[in-house]
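Chains, contacts and geometry: an overview
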2 protein chains.
Amino acid sequence: MNENLDTHIYKMLTEAGLYHTENRVLILKILFNARKPISQEAISSKSVKHFDKVTIYRTLESLIKAGIVHKAFINKRASHYELAHRCTTKQCHPHFTCTKCGSTHCLVDLSMPMAAANHKGFTITHQQVHLEGLCPACSQ
Amino acid sequence: MNENLDTHIYKMLTEAGLYHTENRVLILKILFNARKPISQEAISSKSVKHFDKVTIYRTLESLIKAGIVHKAFINKRASHYELAHRCTTKQCHPHFTCTKCGSTHCLVDLSMPMAAANHKGFTITHQQVHLEGLCPACSQ
DNA sequence: ATCAAATATGCAACTAAGTTGCAAATGTTA
DNA sequence: TAACATTTGCAACTTAGTTGCATATTTGAT
Ligand SMILES: [Mn+2]
Ligand SMILES: [Mn+2]
Ligand SMILES: [Zn+2]
Ligand SMILES: [Zn+2]
(Lines give C-alpha, C1' and ligand atoms only; values in the text may rest on other atoms or scores of the structure.)
(Ligands and ions follow the chains in the order given, each with its own letter.)
Protein backbone atom coordinates (compact mmCIF):
# COMPACT_ATOMS: atom_id res chain seq x y z
CA MET A 1 0.00 0.00 0.00
CA ASN A 2 2.83 2.39 0.89
CA GLU A 3 4.62 1.19 -2.24
CA ASN A 4 1.48 1.99 -4.22
CA LEU A 5 1.10 5.44 -2.65
CA ASP A 6 4.70 6.34 -3.46
CA THR A 7 4.22 5.18 -7.04
CA HIS A 8 0.93 7.05 -7.32
CA ILE A 9 2.42 10.27 -5.98
CA TYR A 10 5.44 9.89 -8.24
CA LYS A 11 3.15 9.54 -11.28
CA MET A 12 0.98 12.49 -10.25
CA LEU A 13 4.01 14.75 -9.99
CA THR A 14 5.48 13.52 -13.27
CA GLU A 15 2.19 14.06 -15.11
CA ALA A 16 1.93 17.54 -13.61
CA GLY A 17 5.46 18.35 -14.74
CA LEU A 18 6.57 19.04 -11.18
CA TYR A 19 9.94 18.19 -9.63
CA HIS A 20 9.81 15.08 -7.52
CA THR A 21 11.06 16.55 -4.24
CA GLU A 22 11.07 15.12 -0.73
CA ASN A 23 8.90 17.95 0.61
CA ARG A 24 6.29 17.64 -2.10
CA VAL A 25 5.97 13.90 -1.50
CA LEU A 26 5.77 14.29 2.30
CA ILE A 27 3.09 16.98 2.08
CA LEU A 28 1.08 14.94 -0.42
CA LYS A 29 1.24 11.91 1.88
CA ILE A 30 0.00 13.99 4.80
CA LEU A 31 -2.89 15.23 2.65
CA PHE A 32 -3.70 11.70 1.51
CA ASN A 33 -3.78 10.47 5.09
CA ALA A 34 -5.76 13.41 6.45
CA ARG A 35 -8.86 12.60 4.33
CA LYS A 36 -10.31 16.04 5.06
CA PRO A 37 -9.29 19.66 4.52
CA ILE A 38 -6.46 20.70 6.82
CA SER A 39 -4.55 23.91 7.39
CA GLN A 40 -0.90 24.74 6.84
CA GLU A 41 -0.48 24.62 10.60
CA ALA A 42 -2.01 21.11 10.71
CA ILE A 43 0.24 19.90 7.91
CA SER A 44 3.21 21.28 9.80
CA SER A 45 2.29 19.59 13.07
CA LYS A 46 1.52 16.23 11.40
CA SER A 47 4.98 16.21 9.86
CA VAL A 48 7.98 14.57 11.53
CA LYS A 49 10.35 16.64 9.45
CA HIS A 50 10.45 20.35 10.17
CA PHE A 51 9.06 22.48 7.36
CA ASP A 52 9.36 26.20 6.99
CA LYS A 53 5.79 27.50 6.68
CA VAL A 54 6.73 29.36 3.49
CA THR A 55 7.75 26.04 1.97
CA ILE A 56 4.39 24.52 2.84
CA TYR A 57 2.49 27.45 1.36
CA ARG A 58 4.58 27.37 -1.80
CA THR A 59 4.29 23.62 -2.12
CA LEU A 60 0.52 23.81 -1.77
CA GLU A 61 0.48 26.63 -4.30
CA SER A 62 2.28 24.49 -6.87
CA LEU A 63 -0.03 21.54 -6.20
CA ILE A 64 -3.10 23.77 -6.54
CA LYS A 65 -1.81 25.17 -9.82
CA ALA A 66 -1.38 21.59 -11.04
CA GLY A 67 -4.94 20.77 -9.98
CA ILE A 68 -3.86 18.18 -7.45
CA VAL A 69 -4.88 20.16 -4.38
CA HIS A 70 -7.52 22.85 -3.86
CA LYS A 71 -8.73 25.14 -1.12
CA ALA A 72 -11.92 23.70 0.35
CA PHE A 73 -13.06 26.78 2.26
CA ILE A 74 -11.76 29.20 4.81
CA ASN A 75 -12.31 28.42 8.46
CA LYS A 76 -11.18 30.78 11.22
CA ARG A 77 -8.93 32.81 8.91
CA ALA A 78 -6.88 29.78 7.88
CA SER A 79 -7.52 28.09 4.55
CA HIS A 80 -7.95 24.33 4.72
CA TYR A 81 -6.41 22.23 1.98
CA GLU A 82 -7.26 18.77 0.70
CA LEU A 83 -6.64 16.59 -2.31
CA ALA A 84 -8.93 17.32 -5.25
CA HIS A 85 -9.34 13.67 -6.22
CA ARG A 86 -12.90 13.32 -4.90
CA CYS A 87 -14.29 16.40 -6.67
CA THR A 88 -15.45 17.08 -10.21
CA THR A 89 -14.52 20.21 -12.12
CA LYS A 90 -18.02 21.61 -11.56
CA GLN A 91 -18.62 20.65 -7.98
CA CYS A 92 -16.72 19.54 -4.93
CA HIS A 93 -18.46 17.25 -2.46
CA PRO A 94 -20.20 19.18 0.37
CA HIS A 95 -18.14 20.08 3.42
CA PHE A 96 -19.55 19.91 6.91
CA THR A 97 -18.51 21.93 9.95
CA CYS A 98 -19.72 20.94 13.42
CA THR A 99 -20.95 23.96 15.35
CA LYS A 100 -20.17 22.26 18.67
CA CYS A 101 -16.68 20.77 18.29
CA GLY A 102 -15.55 22.69 15.21
CA SER A 103 -14.47 19.60 13.28
CA THR A 104 -14.80 19.50 9.51
CA HIS A 105 -15.78 16.54 7.33
CA CYS A 106 -16.08 15.79 3.62
CA LEU A 107 -19.54 14.41 2.82
CA VAL A 108 -18.35 12.67 -0.33
CA ASP A 109 -21.45 10.51 -0.66
CA LEU A 110 -23.98 13.31 -0.25
CA SER A 111 -24.85 14.41 -3.78
CA MET A 112 -26.21 17.90 -4.33
CA PRO A 113 -27.83 19.03 -7.60
CA MET A 114 -25.87 21.66 -9.53
CA ALA A 115 -27.37 25.10 -9.99
CA ALA A 116 -28.31 25.81 -13.61
CA ALA A 117 -25.31 26.83 -15.70
CA ASN A 118 -26.97 30.14 -16.48
CA HIS A 119 -28.93 32.46 -14.24
CA LYS A 120 -29.86 36.02 -15.21
CA GLY A 121 -26.63 36.68 -17.04
CA PHE A 122 -24.39 34.80 -14.61
CA THR A 123 -22.39 31.95 -16.11
CA ILE A 124 -22.08 29.43 -13.29
CA THR A 125 -19.16 27.05 -13.66
CA HIS A 126 -18.45 25.91 -10.13
CA GLN A 127 -20.53 25.18 -7.04
CA GLN A 128 -19.49 24.74 -3.44
CA VAL A 129 -21.85 23.63 -0.68
CA HIS A 130 -21.03 24.21 2.96
CA LEU A 131 -23.12 22.55 5.65
CA GLU A 132 -23.30 23.17 9.37
CA GLY A 133 -24.81 21.27 12.28
CA LEU A 134 -23.72 18.53 14.67
CA CYS A 135 -21.26 15.80 13.74
CA PRO A 136 -22.06 12.17 14.65
CA ALA A 137 -20.02 12.42 17.88
CA CYS A 138 -21.75 15.63 18.98
CA SER A 139 -25.25 14.52 17.87
CA GLN A 140 -25.52 12.03 20.76
CA MET B 1 -37.46 56.58 2.22
CA ASN B 2 -34.63 57.77 4.47
CA GLU B 3 -37.24 58.45 7.13
CA ASN B 4 -38.49 54.88 6.71
CA LEU B 5 -34.99 53.41 6.88
CA ASP B 6 -34.24 55.29 10.10
CA THR B 7 -37.49 54.07 11.62
CA HIS B 8 -36.84 50.53 10.43
CA ILE B 9 -33.33 50.50 11.88
CA TYR B 10 -34.57 52.01 15.12
CA LYS B 11 -37.18 49.25 15.45
CA MET B 12 -34.68 46.50 14.61
CA LEU B 13 -32.32 47.67 17.32
CA THR B 14 -35.10 48.06 19.86
CA GLU B 15 -36.44 44.57 19.14
CA ALA B 16 -32.92 43.16 19.45
CA GLY B 17 -32.48 44.90 22.80
CA LEU B 18 -29.47 46.85 21.51
CA TYR B 19 -28.55 50.44 22.35
CA HIS B 20 -29.53 52.87 19.63
CA THR B 21 -26.11 54.37 18.91
CA GLU B 22 -24.90 56.58 16.08
CA ASN B 23 -22.30 54.02 14.99
CA ARG B 24 -24.71 51.12 14.93
CA VAL B 25 -27.16 53.08 12.78
CA LEU B 26 -24.45 54.29 10.39
CA ILE B 27 -23.02 50.80 9.91
CA LEU B 28 -26.48 49.33 9.38
CA LYS B 29 -27.22 51.97 6.76
CA ILE B 30 -23.99 51.16 4.94
CA LEU B 31 -24.93 47.48 4.98
CA PHE B 32 -28.44 48.25 3.73
CA ASN B 33 -27.06 50.28 0.86
CA ALA B 34 -24.33 47.83 -0.08
CA ARG B 35 -26.82 45.08 -1.00
CA LYS B 36 -24.02 42.48 -0.99
CA PRO B 37 -21.49 41.14 1.51
CA ILE B 38 -18.75 43.66 2.27
CA SER B 39 -15.66 43.65 4.46
CA GLN B 40 -14.80 45.73 7.51
CA GLU B 41 -12.38 47.64 5.30
CA ALA B 42 -15.18 48.37 2.79
CA ILE B 43 -17.52 49.52 5.54
CA SER B 44 -14.79 51.80 6.81
CA SER B 45 -14.09 53.35 3.41
CA LYS B 46 -17.79 53.84 2.60
CA SER B 47 -18.25 55.81 5.81
CA VAL B 48 -17.90 59.58 5.96
CA LYS B 49 -17.32 59.43 9.70
CA HIS B 50 -14.07 57.87 10.84
CA PHE B 51 -14.54 54.57 12.65
CA ASP B 52 -11.94 52.73 14.64
CA LYS B 53 -11.75 49.25 13.08
CA VAL B 54 -12.27 47.67 16.50
CA THR B 55 -15.56 49.53 16.74
CA ILE B 56 -16.68 48.16 13.39
CA TYR B 57 -15.76 44.61 14.34
CA ARG B 58 -17.52 44.89 17.69
CA THR B 59 -20.57 46.52 16.15
CA LEU B 60 -20.82 43.74 13.58
CA GLU B 61 -20.36 41.20 16.35
CA SER B 62 -23.32 42.60 18.27
CA LEU B 63 -25.46 42.68 15.12
CA ILE B 64 -24.52 39.10 14.29
CA LYS B 65 -25.37 37.99 17.80
CA ALA B 66 -28.77 39.66 17.38
CA GLY B 67 -29.29 37.84 14.08
CA ILE B 68 -29.41 41.06 12.08
CA VAL B 69 -26.12 40.53 10.26
CA HIS B 70 -24.20 37.38 9.37
CA LYS B 71 -20.92 36.40 7.78
CA ALA B 72 -21.62 35.37 4.20
CA PHE B 73 -18.27 33.71 3.51
CA ILE B 74 -14.62 34.51 3.69
CA ASN B 75 -12.96 35.98 0.66
CA LYS B 76 -9.22 36.70 0.56
CA ARG B 77 -8.78 36.37 4.34
CA ALA B 78 -11.37 39.07 5.08
CA SER B 79 -14.88 38.14 6.14
CA HIS B 80 -17.67 39.81 4.19
CA TYR B 81 -20.77 40.93 6.08
CA GLU B 82 -24.31 41.55 4.92
CA LEU B 83 -27.77 41.93 6.37
CA ALA B 84 -29.48 38.62 7.15
CA HIS B 85 -32.90 39.79 6.02
CA ARG B 86 -32.92 37.81 2.77
CA CYS B 87 -31.94 34.47 4.33
CA THR B 88 -33.85 31.79 6.22
CA THR B 89 -32.53 30.14 9.37
CA LYS B 90 -31.68 27.00 7.40
CA GLN B 91 -30.27 28.49 4.25
CA CYS B 92 -28.86 31.72 2.97
CA HIS B 93 -29.34 32.55 -0.70
CA PRO B 94 -26.40 31.41 -2.86
CA HIS B 95 -23.45 33.76 -3.23
CA PHE B 96 -21.62 34.20 -6.49
CA THR B 97 -18.00 35.21 -7.04
CA CYS B 98 -16.81 36.19 -10.50
CA THR B 99 -13.51 34.51 -11.34
CA LYS B 100 -12.60 37.31 -13.75
CA CYS B 101 -13.36 40.56 -11.92
CA GLY B 102 -13.63 39.18 -8.37
CA SER B 103 -16.98 40.81 -7.65
CA THR B 104 -19.49 39.09 -5.39
CA HIS B 105 -23.27 38.95 -5.78
CA CYS B 106 -26.23 37.60 -3.79
CA LEU B 107 -28.37 35.35 -6.01
CA VAL B 108 -31.46 35.85 -3.89
CA ASP B 109 -33.85 34.47 -6.50
CA LEU B 110 -31.89 31.28 -7.21
CA SER B 111 -33.41 28.63 -4.98
CA MET B 112 -31.33 25.60 -4.04
CA PRO B 113 -32.81 22.46 -2.42
CA MET B 114 -31.70 21.83 1.16
CA ALA B 115 -29.64 18.76 1.93
CA ALA B 116 -31.54 16.20 4.02
CA ALA B 117 -31.57 17.12 7.71
CA ASN B 118 -29.83 13.86 8.54
CA HIS B 119 -26.99 12.11 6.77
CA LYS B 120 -25.06 9.20 8.28
CA GLY B 121 -25.15 10.56 11.79
CA PHE B 122 -24.67 14.20 10.82
CA THR B 123 -27.43 16.56 11.91
CA ILE B 124 -27.53 19.23 9.20
CA THR B 125 -29.06 22.51 10.31
CA HIS B 126 -27.59 25.07 7.94
CA GLN B 127 -26.56 25.10 4.30
CA GLN B 128 -24.45 27.57 2.38
CA VAL B 129 -23.96 27.48 -1.39
CA HIS B 130 -21.09 29.28 -3.04
CA LEU B 131 -21.03 29.63 -6.82
CA GLU B 132 -18.26 30.70 -9.16
CA GLY B 133 -18.14 31.69 -12.81
CA LEU B 134 -18.55 34.87 -14.83
CA CYS B 135 -20.78 37.77 -13.76
CA PRO B 136 -23.10 39.38 -16.35
CA ALA B 137 -20.55 42.11 -17.11
CA CYS B 138 -17.72 39.61 -17.61
CA SER B 139 -19.86 37.08 -19.54
CA GLN B 140 -19.99 39.29 -22.63
C1' DA C 1 -33.45 67.12 34.72
C1' DT C 2 -30.30 63.96 37.42
C1' DC C 3 -27.98 59.97 38.54
C1' DA C 4 -26.27 55.23 38.48
C1' DA C 5 -25.71 51.07 35.95
C1' DA C 6 -25.06 48.97 31.54
C1' DT C 7 -23.10 49.22 27.32
C1' DA C 8 -20.29 51.16 23.58
C1' DT C 9 -16.11 53.45 22.00
C1' DG C 10 -11.13 54.63 20.94
C1' DC C 11 -6.49 53.67 21.50
C1' DA C 12 -2.36 50.96 21.85
C1' DA C 13 -0.50 46.71 21.70
C1' DC C 14 -0.82 42.15 20.27
C1' DT C 15 -1.57 37.47 17.54
C1' DA C 16 -1.32 34.90 13.65
C1' DA C 17 -2.14 33.79 8.35
C1' DG C 18 -0.15 34.60 4.47
C1' DT C 19 3.44 37.11 1.32
C1' DT C 20 7.95 38.73 -0.68
C1' DG C 21 12.93 38.99 -1.80
C1' DC C 22 16.98 36.72 -2.00
C1' DA C 23 20.82 33.59 -1.47
C1' DA C 24 21.76 28.71 -1.00
C1' DA C 25 20.35 23.92 -1.95
C1' DT C 26 18.41 20.41 -4.75
C1' DG C 27 16.37 18.17 -8.99
C1' DT C 28 16.60 17.49 -14.04
C1' DT C 29 18.51 16.84 -18.46
C1' DA C 30 22.15 16.09 -21.45
C1' DT D 1 29.67 15.98 -14.41
C1' DA D 2 28.07 20.50 -15.89
C1' DA D 3 24.47 23.80 -16.83
C1' DC D 4 20.10 25.18 -15.95
C1' DA D 5 15.51 25.25 -13.77
C1' DT D 6 13.15 24.78 -9.73
C1' DT D 7 12.74 24.52 -4.80
C1' DT D 8 13.97 25.69 -0.14
C1' DG D 9 14.93 28.37 4.23
C1' DC D 10 15.38 32.58 6.40
C1' DA D 11 14.26 37.21 7.72
C1' DA D 12 11.28 40.75 7.30
C1' DC D 13 6.86 42.36 6.19
C1' DT D 14 1.56 43.01 5.63
C1' DT D 15 -2.85 42.78 7.37
C1' DA D 16 -7.38 40.64 9.54
C1' DG D 17 -8.87 40.15 13.68
C1' DT D 18 -8.41 40.29 19.06
C1' DT D 19 -7.65 41.98 23.87
C1' DG D 20 -7.30 45.13 27.86
C1' DC D 21 -8.40 49.22 29.66
C1' DA D 22 -9.77 53.94 30.44
C1' DT D 23 -13.29 57.12 28.80
C1' DA D 24 -17.75 58.30 26.69
C1' DT D 25 -22.52 57.42 25.61
C1' DT D 26 -27.09 55.28 26.22
C1' DT D 27 -30.80 53.90 29.07
C1' DG D 28 -34.13 53.56 32.75
C1' DA D 29 -35.35 54.91 37.33
C1' DT D 30 -36.03 58.73 40.41
MN1 LIG E 1 -13.25 18.59 -1.26
MN1 LIG F 1 -26.66 36.41 2.13
ZN1 LIG G 1 -18.83 17.63 16.63
ZN1 LIG H 1 -17.19 39.86 -13.39
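Residues numbered from 1 in each chain as written. Chains lettered and ligands numbered in written order. Predicted model: local features only at pLDDT ≥ 70, side-chain atom pairs only at ≥ 80, totals over all residues. Heavy atoms only, no water.

**Quick word on the confidence of the model for chain A**
Defined as follows: Confidence per residue, as judged by the predictor, is encoded in pLDDT with a range of 0 to 100. Comment: elements are numbered from the N terminus, with helices defined as DSSP H or I runs of at least four residues and strands as E runs of at least two.
When the pLDDT values of chain A are averaged, the result is 89; 94% of them are 70 or greater. When the elements of chain A are averaged for pLDDT, strand β1 (residues 69-75) of chain A gives the smallest value, 73, and strand β5 (residues 118-119) of chain A the largest, 96.

**Quick word on the protein's contact with DNA strand C**
Note the cut-off: Only heavy atoms are used to decide nearness, and a residue is near a molecule or strand if one of them lies within 4 Å of it. Two N or O atoms form a polar contact when they lie within 3.5 Å of each other; inside protein one atom must be a possible hydrogen donor and the other a possible acceptor, and for residues adjacent in sequence the pair counts only when both atoms belong to side chains.
In the neighbourhood of DNA strand C, 21 residues make up the surrounding shell, with A:Lys53, A:Tyr57, B:Arg24, B:Thr55 and B:Arg58 lying closest. In DNA strand C, atoms within 4 Å of the protein come from the sugar-phosphate backbone in 62% of cases. In this structure, a phosphate oxygen belonging to DNA strand C sits 3.1 Å away from a side-chain N or O atom of B:Thr21. Here a base oxygen of DNA strand C sits 2.4 Å away from a polar atom, N or O, in the side chain of B:Arg58. Mapped onto the surface near DNA strand C, the elements with two or more residues apiece are α4 (53-65) and β2 (78-83) of chain A together with α2 (22-34) and α4 (53-65) of chain B.

**Notes on the domain arrangement of chain A**
Residue and element names in this part refer to chain A. Applicable threshold: Here the bounds of each domain stem from an automatic or database domain assignment. The contact definition used throughout considers only heavy atoms, calling two residues in contact when any of these lie within 4.5 Å. Accessible area that two parts lose when put together, evaluated with a 1.4 Å probe and summed over both, is termed the buried area.
Domain assignment breaks chain A into domain 1 (3-83) and domain 2 (95-139). Listed by partner, the interface residues are 8 residues for domain 1 and 7 residues for domain 2. Summed over both partners, the interface of domain 1 with domain 2 buries about 640 Å², with 55% contributed by carbon and sulfur atoms. Seen at the junction of domain 1 and domain 2, the total is 1 residue pair in polar contact (both at pLDDT 80 or more). With 4 residues, β1 is the largest single contributor of residues to the side of domain 1 that touches domain 2.

**Re the pattern of salt bridges**
Stated precisely, the cut-off is as follows: Think of a salt bridge as a Lys or Arg side-chain nitrogen and an Asp or Glu carboxyl oxygen that are within 4 Å of each other. Buried means the residue's accessible area, taken with a 1.4 Å probe over protein chains only, is under 20% of the maximum for its type, while exposed means over 50%, and partly exposed covers the values in between.
This model, assessed by the stated rule, comprises 6 salt bridges over all chains. Residues A:Lys49 and A:Glu22 are paired through a salt bridge, measuring 3.7 Å at the closest nitrogen-oxygen approach. With A:Lys49 in the loop between α3 (40-46) and α4 and A:Glu22 in helix α2 (residues 22-34), this pair connects stretches of sequence that are 27 residues apart. Assessed through its relative accessible area of 32%, A:Lys49 is described here as partly exposed. You can call A:Glu22 exposed: its relative accessible area is 54%. Residue A:Lys120 is joined to B:Asp109 by a salt bridge in which the shortest nitrogen-to-oxygen separation is 2.5 Å. Separated into two different chains, A:Lys120 in the loop between β5 and β6 (122-134) and B:Asp109 in the loop between β4 (104-106) and β5 (118-119) make up a pair that spans both.

**Describing the relation of the copies chain B and chain A**
Put simply, the rule reads: To line up the copies, we fit them by least squares on C-alpha atoms, keeping just the residues with pLDDT of at least 70 in both.
It takes a turn of 180° to lay chain B on chain A, together with a shift of 0.0 Å along the axis; the resulting RMSD is 0.2 Å. A rotation of that kind, with that shift, is consistent with a two-fold axis. Ranked by how close their C-alpha atoms come to the rotation axis, the residues of chain B are headed by B:Val129, at 2.2 Å. With an isologous cut-off of 70% or more, the 100% of interface residues of chain B that recur at the interface of chain A puts this contact in the isologous class.

**Structural notes on the packing of α2(B) against α4(B)**
Residue and element names in this part refer to chain B. Note the cut-off: Under this scheme, a helix contributes an axis fitted over its contacting stretch, all axes are lines through C-alpha atoms, and angles between N-to-C directions fall in the 0 to 180 degree range. Working definition: roughly parallel below 35 degrees, roughly antiparallel above 145 degrees, roughly perpendicular at 65 to 115 degrees, and oblique for all remaining angles. Under the convention adopted here, Pro, Cys and the residues Ala, Val, Leu, Ile, Met, Phe, Trp and Tyr are nonpolar, Asp, Glu, Lys and Arg are charged, and Gly plus all remaining residues are polar.
One way to put it is that α2 packs onto α4 with a least axis distance of 10 Å and a crossing angle of 80°. For the element pair α2 / α4, the angle class is roughly perpendicular. Mapping the contact onto sequence places Asn23, Arg24, Ile27, Leu28 and Leu31 in α2 and Thr55, Ile56, Thr59, Leu60, Ser62 and Leu63 in α4. The residue makeup of the contact of α2 with α4, split by class, is 6 nonpolar, 4 polar and 1 charged.

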